[in-house]
Amino acid sequence: LIMIPVFLRTHALIQGNLSDKLNNFSIIFGFSFLSLFIIKIMKSLLFKRVSFVIYITFILIIIASLLDHSQNVKKIGYRVFALNHIGLFIITIFFILGDYKNIIEIKLSRNYEFWLVIGVFFCSTLSFPLVYFFDDLMDNNFKFLNYPFINSFPTLGYIVLHIFIIKSVRCLAQIRSSL
């Protein structure tokens with residue numbers, strides 16, 4: 001669902017503002033879905049509460065950014081995409097700090113939640129820095145940067161996310177088959 005607007009814009013099925021608005025809406029949906037899922041599976045009540053406050057803060061900032069009409073929709077999209085990944089990065093850090101303090105005692109081969117959150121962590125880590133600064137770099141005549149190379153980092157992040165989702169599903173299937 002998150003990638004549908006990107007597919008539509010990439011393949012020229014929808015052009016212009018409608019595509020950008022649809023993309024921005026999908027970012028809000030994806031951020032909410034992943035953040036609330038991670039918060040739901042957290043075991044530490046303190047980190048769960050802190051993460052929920054971070055979620056509310058970031059969702060309000062994202063919505064306020066989308067309502068800012070002083071910039072064009074595409075530039076706002078870059079910022080919102082970056083804010084999405086900053087928020088997810090912070091929430092995954094809290095998940096890891098709260099639930100995996102003593103990782104030696106945890107059997108990761110049976111912990112599907114860990115692999116899912118690590119996938120979100122790597123996706124956010126690969127996507128945020130270049131997406132956030134990409135628009136500014138292009139505006140400041142850093143044209144020597146290879147656009148397809150830089151633009152491929154968020155895609156690589158989503159590939160890594162899906163690899164970890166597959167690992168998570170396999171762990172869950174292994175747990176269910178052993179019951």
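Our subject is the structure listed above.
Residues numbered from 1 in each chain as written. Predicted model: local features only at pLDDT ≥ 70, side-chain atom pairs only at ≥ 80, totals over all residues. Heavy atoms only, no water.

1. Remarks on the overall build of the protein
Then comes step 1: The helix and strand tally for the protein stands at six helices and zero strands.
Then comes step 2: Listing the helices and strands of the protein from first to last along the sequence gives α-α-α-α-α-α.
Then comes step 3: Evaluated residue by residue, the protein yields a buried proportion of 40% over its 179 residues.
Then comes step 4: Surface summary for the protein: the accessible area is close to 10,600 Å², and the carbon and sulfur share equals 70%. (Helix = DSSP H or I, 4+ residues; strand = E, 2+ residues; numbered from the N terminus. Buried < 20%, exposed > 50% of the residue type's maximum accessible area, 1.4 Å probe, protein only. Areas by Shrake-Rupley, 256 points an atom, 1.4 Å probe, with all protein chains shown as cover.)

2. Digging into a nonpolar patch on the surface
Then comes step 1: Together, Leu36, Phe52, Ile56 and Leu60 make up an exposed nonpolar region whose accessible area comes to about 350 Å².
Then comes step 2: When residues of the nonpolar patch are assigned to their parent elements, the largest contribution, three residues, is made by helix α3 (residues 45-67).
Then comes step 3: Tracing the sequence through the fold places Phe52 in helix α3. (Patch = residues over 30% accessible without salt bridge, like charges linked within 9 Å, V, L, I, M, F, W, Y side chains within 5 Å. Salt bridge = Lys/Arg side-chain N within 4 Å of Asp/Glu carboxyl O.)

3. Details of the pattern of salt bridges
Then comes step 1: Taken as a whole and judged by the stated rule, the model has one salt bridge.
Then comes step 2: One salt bridge in this structure joins Lys43 and Glu113, with 3.6 Å as the shortest N-O distance. Placement of Lys43 in the loop between α2 (17-41) and α3 and of Glu113 in helix α5 (residues 112-139) is noted, with a sequence separation of 70 residues between them.
Then comes step 3: Take Lys43: its relative accessible area is 57%, and that puts it in the exposed class.

4. Examining the environment of Ser44
Then comes step 1: The topology assignment puts Ser44 in the loop between α2 and α3.
Then comes step 2: Separated by 53 residues in the primary sequence, Ser44 and Leu97 place their C-alpha atoms 9.2 Å from one another.
Then comes step 3: Not counting residues up to four positions away in its chain, the partners in contact with Ser44 are Gly98 and Asp99. (Contact = heavy atoms within 4.5 Å.)

5. Some remarks on the side chain of His85
Then comes step 1: Relative to the assigned elements, His85 resides in helix α4 (residues 73-99).
Then comes step 2: For His85, a relative accessible area of 1% corresponds to the buried category.
Then comes step 3: Discounting residues that sit within four places of it in the chain, His85 has contacts with Cys123, Ser124, Ser127, Phe128 and Tyr158.

6. Here we look at the environment of Ile56
Then comes step 1: With respect to the secondary-structure elements, Ile56 resides in helix α3.
Then comes step 2: Owing to a relative accessible area of 33%, Ile56 belongs among the partly exposed residues under this scheme.

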